[in-house]
Amino acid sequence: MTATLSGFPYTPLRFDAAGALGPGGTGLNADGLAAWLAAGQATDAVLLSHGWRNDAPTAHRLYDTLAASARAVLPRVPGAGGRRIHLVGVHWPSQHFAPVTDPLTEPSSDASAGWVPRTRGARPAEVRDGYERFIGALDPKARADAPDGTTLAFEIERSPSARVRLVRWVQTVLPGRQAPAGALDGASEPDDENGLLAADPEDVVRRLSSDVVAPADQEGDGTVGAGGGVTGRHSRAAVRLLDFGTYAVMRDRAGRIGARGLAPVLDRLHDLVPHCAVHLVGHSFGARLAATAALATARPGQVRSLCLLQAAFSHYGLAHRWDGTADGEFRGLIGQQLVSGPLLVTHTVNDRAVGYPYAVASLLLGHVGVGLGGPDSAYGALGRNGARRTPEADGLTLLGVGEPYTWRSGRVHNLRADAFVSGHHDVAGHEVAHAVLSAVTA
């Protein structure tokens, strides 16, 4: 199916959970996409990948809004004249990951603070909702031995054995920690799926029952009371565990689809339409999908630009020896020069969503109160802090429409977006579209 978005030729590309094109492997394939680009004499194919979304209409709205912003700013982008830009909307089965009430935090009475460290426990309904999010994220085979969510929700608080059963079940269905295809030997990032898989269930519950101390410069005075007497603290631990499990499953799926699904499409486009430049734009987990695809392609340098919008992976993902030994798992994008043009990273302190799973990982490892996902924490996100411990990273600012960018080959352009990006999902405004198009036309 082909259409237009704000005057840009547009077609969707749909992957299933295994990385096959189309539901069950049917629908538009790489050859069909190449033929469509060739027929339209496309000079540039911009592949857009959504993040924490679970249906096509929501992802389509993101693409539609970004296209409208791109059309509005296009006349003010140098080098855009004469370019025939085609948009490709990558759709993949992702799980919406946005708890109604963040189990690490709760709303503040002070609107300027936004949120404060959460001291109250969770209710059974919150446990059940977290359980349903986790179940919805799993592949069907993994759901076969799932416990009853309603019963579980009411047993967690009073039954130590129920808590142990929950942790053990989550441990059995989580995907094993694997570096993406094409990663350098030793590439890694400080996430904790492996630690969670191997941890003692009672210790997991104890750590996740803890209160969190937030940085004083971000959340009031940063202090909270001891968590030992909080009613519902075991339920709070269950919600955190289930939401972190959801994060781990979707993270794995994004990487799998990027490596097994999108990367072969990129290789085929290189063979069939070599004069059409390919650009990848990913938001949230879609940034992981896009980065993994660029890393796994068999055609080094064929990706002309890579834009990571509020990316949901570690701020050490592009790092050189982030822990003194290991490179970030996407280090190959730089070290192997897999992106021939600009590599952009938008980041902002306004993005609280990407910090949540890293704060849970801190709890699991006992690193409570260490910046809570901030730039000095081992557990920080690219979308919040930009690329850290990356020698090639330049600290820049997301500019207003019409202001010129100067891109440098082989560099990572950290674009601090505090002035224009209000939160995790605010990635389709004019300023973001201007940066993306500036990279496309560089």
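Because the structure is predicted, anything quoted here is derived from the model rather than measured.

Student: Looking at this structure, how should I read empty space enclosed by the protein?
Tutor: To locate leftover empty space, one rolls a probe as large as a water molecule over the atoms. Evaluated as defined, the whole model comprises 4 cavities of 30 Å³ or more. The space that makes up the largest cavity amounts to roughly 130 Å³. Only strand 3 (44–49), helix 2 (56–73), strand 4 (85–91) and helix 13 (430–440) provide two or more residues apiece to the lining of the largest cavity. Of the residues belonging to the lining of the largest cavity, the class tally is 14 nonpolar, no polar and no charged.

Student: How do you make sense of the pattern of salt bridges when you look at a structure like this?
Tutor: Pairs may arise between side chains of opposite charge once their charged atoms sit close together. Taken as a whole, this structure holds 14 salt bridges when the rule is applied. Its salt-bridge partner being Arg 133, residue Asp 243 comes within 2.9 Å of it at the nearest N-O pair. In this pair, Asp 243 is assigned in helix 8 (residues 233–272) and Arg 133 in helix 3 (residues 124–137), connecting sequence segments 110 residues apart. Between Asp 203 and Arg 206 there is a salt bridge, with its nearest N and O atoms 2.5 Å apart. You can see Asp 203 and its partner Arg 206 sitting in helix 7 (residues 201–208), 3 residues apart, about one turn around the helix. Judged by its relative accessible area of 23%, Asp 203 falls in the partly exposed class. Residue Arg 206 is classed as exposed on the basis of its relative accessible area, which comes to 51%. Because the salt bridges share partners, they merge into one network encompassing Asp 203, Arg 206 and Arg 207.

Student: It is not clear to me how the pairing of strand 11 (residues 412–416) should be interpreted in this structure. Could you clarify?
Tutor: A regular strand places its side chains on the two faces of the sheet in alternate fashion. Of all 5 residues making up strand 11, 4 are buried, and the element is well covered by its neighbours. Here strand 9 (residues 343–347) pairs with strand 11 via 5 bridges, running parallel. Looking at the pairing, Thr 346 lines up with Leu 415 of strand 11. Summarising the sheet, strand 10 (residues 393–397) and strand 11 pair through 5 bridges and their orientation is parallel. Bridged to Asp 394 within strand 11 is His 413.

Student: Could you clarify how one ought to interpret unusual backbone geometry in this entry?
Tutor: Among all residues except glycine, the phi angle is most often negative; among peptide bonds, the trans geometry is most common. Unusually for a residue other than glycine, Gln 41 sits at a positive phi of about 50°. Tracing the chain through its elements places Gln 41 in the loop between helix 1 (30–39) and strand 3. Phi at Gln 337 is positive, roughly 50°, even though this residue is not glycine. One can find Gln 337 in the loop between helix 10 (332–335) and strand 9. Exposure remark for Gln 337: the relative accessible area of 61% places this residue in the exposed category.

Student: I keep staring at helix 13 and nothing clicks. Help me out?
Tutor: Side chains that are three or four residues apart share a direction in an α-helix, a result of its 3.6 residues per turn. Most of helix 13 sits inside the fold, with 10 of its 11 residues counted as buried. Turning to helix 13, its buried residues are Glu 431, Val 432, Ala 433, His 434, Ala 435, Val 436, Leu 437, Ser 438, Ala 439 and Val 440.

Student: Can you walk me through helix 3 in this structure?
Tutor: If you check helix 3, its first and last C-alpha atoms are 20 Å apart, about what 14 residues at 1.5 Å a residue would give, namely 20 Å. All buried positions along helix 3 are accounted for by Glu 126, Val 127, Gly 130, Tyr 131, Arg 133, Phe 134, Ile 135 and Ala 137. On its buried face, helix 3 sits against helix 4 (149–155), helix 5 (160–173) and helix 8.

Student: Help me out: how do you make sense of the packing of aromatic side chains in this one?
Tutor: A complete count under the given rule lists 7 aromatic pairs for this structure. Centre to centre, the rings of Phe 134 and Trp 169 are 5.5 Å apart; their planes meet at 90°, and the pair counts as edge-to-face. You can see Phe 134 sitting in helix 3 and its partner Trp 169 sitting in helix 5, a full 35 residues away along the chain. A single burial state applies to Phe 134 and to Trp 169, both of which are buried. Residues Tyr 316 and Trp 322 carry aromatic rings whose centres are separated by 5.6 Å and whose planes lie at 15° to one another, so their mutual orientation is stacked. Each member of the pair, Tyr 316 together with Trp 322, is buried. Taken together, the ring pairs connect Tyr 131, Phe 134 and Trp 169 into an aromatic cluster. Lying across the ring of Phe 8, Arg 71 places its NZ or CZ 4.1 Å from the centre.

The rules behind each value
Residues numbered from 1 in each chain as written. Predicted model: local features only at pLDDT ≥ 70, side-chain atom pairs only at ≥ 80, totals over all residues. Heavy atoms only, no water. 1 Å grid on protein atoms, 1.4 Å probe; cavity = no way out; pocket = protein on both sides within 12 Å on 5 of 7 lines; lining within 4 Å. Points joined across faces, edges and corners; volume = space filled by probe spheres on them. Helix = DSSP H or I, 4+ residues; strand = E, 2+ residues; numbered from the N terminus. Nonpolar A, V, L, I, M, F, W, Y, C, P; charged D, E, K, R; others polar. Salt bridge = Lys/Arg side-chain N within 4 Å of Asp/Glu carboxyl O. Buried < 20%, exposed > 50% of the residue type's maximum accessible area, 1.4 Å probe, protein only. Pairing = 2+ DSSP bridges. Expected span 1.5 Å × (residues − 1). Contact = heavy atoms within 4.5 Å. Phe/Tyr/Trp six-rings, centres within 6.5 Å; stacked < 30°, edge-to-face > 60°. Lys NZ or Arg CZ within 6 Å of the ring centre and 35° of its normal.

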